[in-house]
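Commentary on secondary and tertiary structure
Spelled out from the first residue to the last, the chains are:
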Amino acid sequence: MRLAAVAGHFGRDLERALVKMSGIVQEARKQAVSLLVFPDAVLGGYLGDLRDPTTQELPVPLAPDAEELRRVVEMAQDMVVCFGFTELGTVPGVRWNSAWCVSGDGVLGTHRKVHQPAGESLAYAAGDTFAAFDTPIGRMGMLIDYDKTFPESARTLAGDGAQILAFLSAWPASVTDRAARLPQDRQSRLFDLYDCARAAENQVVVVSSNQTGVSGRLRFLGQAKVVGPGGDVLAHTWTKGGMAVVDMDVEAEVRRARRVLHHLAELRPDAYAPGNLPL
């Protein structure tokens, strides 16, 4: 199958974002892409300030039955498409940083971001679960940017049978120690490190997308990529917009990676002391 991760700038304007998404989907379809992973906050935009998000315009929230979400389902057709948006809760004032995985048949899987950096909790409620789901291209799981910092997130999805992990990000450069050039930024290094580590330690395929451009005080890194189950980067976009595309027999590659050393099978949960983990 052909896997693709998108790097691109998507702002507050929902209609403009949908038009841009449609163009990218059409181009991916021409390239016979089976899985297309858009960034987090591709519909409605992301925050403009992580320290105090309320000082900037907040993202546009969408209810689960919103017309904009239905249009993404329609444009997907036979392709599996992952994308992020701000989900409007049924309780007034509650919203989540959410990701959906869809095809033309409807919603295949959902995820609400669990781990929240800095002041993000001032704008979003936190999710509380990680779960894999079945798709026409195999069993998958999704994480939203900061979630991938925590090994337990990806490990939970891999343990639930996911062989493909989609990482959807609106991951900015450092807000406290900004480098002159994005590739030299410490967050740039961490972004790549987490993609490769989560793939290698779980022996799964990671398809990692990210925003580019600027939102308020945040400057996004790009660096979309596809990582193999050995932790090797197979395709990437650097810091500019684009699409990282890889042809791969996912099941065969995962099986080959686990042929001698099978990390999930060789876990020793009896030796890991959960009582020593910080609460």
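Just so it is clear, the structure is predicted and the values come from calculations on it, not from any experiment. (Residues numbered from 1 in each chain as written. Predicted model: local features only at pLDDT ≥ 70, side-chain atom pairs only at ≥ 80, totals over all residues. Heavy atoms only, no water.)

1. So, the packing of helix H1 (residues 14-30) against helix H2 (residues 67-76)
One way to put it is that H1 packs onto H2 with a least axis distance of 10 Å and a crossing angle of 10°. Between H1 and H2, the crossing angle belongs to the class labelled roughly parallel. Only Glu 68, Arg 71, Val 72, Met 75 and Ala 76 of H2 make contact with H1, whose side of the interface consists of Leu 14, Glu 15, Leu 18, Met 21, Ser 22, Val 25 and Arg 29. Within the contact of H1 with H2, the residues separate by chemical class into seven nonpolar, one polar and four charged. (Axes fitted to C-alpha atoms, helices over the stretch in contact; angles between N-to-C directions. Helix = DSSP H or I, 4+ residues; strand = E, 2+ residues; numbered from the N terminus. Parallel < 35°, antiparallel > 145°, perpendicular 65-115°, else oblique. Contact = heavy atoms within 4.5 Å. Nonpolar A, V, L, I, M, F, W, Y, C, P; charged D, E, K, R; others polar.)

2. Points about the pattern of salt bridges
Taken as a whole and assessed by the stated rule, the structure comprises 19 salt bridges. Its salt-bridge partner being Arg 12, residue Glu 57 comes within 4.0 Å of it at the nearest N-O pair. Of this pair, Glu 57 sits in the loop between strand E2 (35-37) and strand E3 (61-62) while Arg 12 sits in the loop between strand E1 (2-8) and H1, and the two are 45 residues apart along the sequence. Residue Glu 57 is classed as exposed on the basis of its relative accessible area of 54%. Here Arg 12 falls in the buried class, since its relative accessible area comes to 19%. Residues Arg 217 and Asp 49 are paired through a salt bridge, measuring 2.9 Å at the closest nitrogen-oxygen approach. Of this pair, Arg 217 sits in the loop between strand E11 (214-215) and strand E12 (218-219) while Asp 49 sits in the loop between E2 and E3, and the two are 168 residues apart along the sequence. (Salt bridge = Lys/Arg side-chain N within 4 Å of Asp/Glu carboxyl O. Buried < 20%, exposed > 50% of the residue type's maximum accessible area, 1.4 Å probe, protein only.)

3. Examining the pairing of strand E10 (residues 205-211)
Burial of E10 is extensive: seven of the seven residues sit out of reach of the surface. Across the two faces of E10 the burial is the same, with Val 205, Val 207, Ser 209 and Gln 211 and Val 206, Ser 208 and Asn 210 all buried. Taken together, the two bridges between E1 and E10 define a ladder with parallel strand orientation. Bridge assignment links Ala 7 to a residue of E10, and that residue is Asn 210. Between the parallel elements strand E9 (residues 164-169) and E10, the chain passes through helix H4 (residues 186-202) in a crossover that is right-handed. Bridge count for E10 against strand E13 (residues 225-227) is three bridges, and the pairing is antiparallel. (Pairing = 2+ DSSP bridges. Right-handed = clockwise from strand over helix to strand, strands pointing away.)

4. Points about the environment of Ala 173
Relative to the assigned elements, Ala 173 resides in the loop between E9 and H4. You can call Ala 173 buried: its relative accessible area is 2%. Excluding anything up to four places from it in sequence, Ala 173 contacts Leu 182, Asp 185, Gln 187, Arg 219 and Leu 221.

5. Section: the packing of helix H3 (residues 151-159) against H4
Viewed as axis vectors pointing N to C, H3 and H4 meet at an angle of 40°, and their least axial separation amounts to 10 Å. With respect to H4, the axis of H3 lies oblique. For H3 against H4, the interelement crossing comes out right-handed. For the pair H3 and H4, the contacting residues are Pro 151, Ala 154, Arg 155 and Ala 158 in the first and Arg 198, Glu 201 and Asn 202 in the second. Here the residues of the contact of H3 with H4 are counted per class, giving three nonpolar, one polar and three charged. (Left-handed = near helix turned anticlockwise from the far one by under 90°.)

6. A few points about the side chain of Asp 40
With respect to the helices, strands and loops of the structure, Asp 40 is situated in the loop between E2 and E3. Lys 113 is the oppositely charged side chain nearest to the buried, salt-bridge-free Asp 40, at an N-O distance of 5.4 Å. In this structure the side chain of Asp 40 is engaged in a polar contact, spanning 3.1 Å, whose partner is the side chain of Asn 97. When near neighbours in sequence (up to four residues on either side) are disregarded, Asp 40 contacts Tyr 46, Gly 84, Phe 85, Asn 97, Ser 98, Ile 144, Asp 145, Leu 168, Ser 169, Ala 170 and Gln 211. (Lys, Arg positive; Asp, Glu negative; His and termini not counted. Polar contact = N/O pair within 3.5 Å; in protein donor to acceptor, adjacent residues only side chain to side chain.)

7. Considerations on the layout of surface pockets
Estimated volume of the largest pocket: approximately 340 Å³. Considering the residues around the largest pocket, the lining is formed by 20 residues, among which Leu 50, Pro 117, Tyr 146, Pro 172 and Gln 187 are closest to the centre. When its residues are assigned to classes, the lining of the largest pocket shows 12 nonpolar, four polar and four charged. Lining the second largest pocket we find 13 residues, and of these Thr 110, His 111, Arg 112, Asp 128 and Thr 129 sit closest to its centre. If you list the elements that add at least two residues to the lining of the second largest pocket, you get strand E5 (95-103) and strand E6 (106-112). In the lining of the second largest pocket, the residues fall into five nonpolar, five polar and three charged. (1 Å grid on protein atoms, 1.4 Å probe; cavity = no way out; pocket = protein on both sides within 12 Å on 5 of 7 lines; lining within 4 Å. Points joined across faces, edges and corners; volume = space filled by probe spheres on them.)

8. Observations regarding the nonpolar core
One finds Met 21, Leu 36, Phe 38, Leu 43, Leu 69, Phe 83 and Val 102 to be the most contacted residues of the largest nonpolar core, which totals 28 residues. For this core, the secondary-structure elements that each account for two or more residues are E1, H1, H2, strand E4 (80-88) and E5. Phe 133, Ile 144, Ile 164 and Val 246 belong to the second-largest nonpolar core, a separate cluster that totals 27 residues. (Core = buried A, V, L, I, M, F, W, Y, C linked by side-chain atoms within 4.5 Å.)

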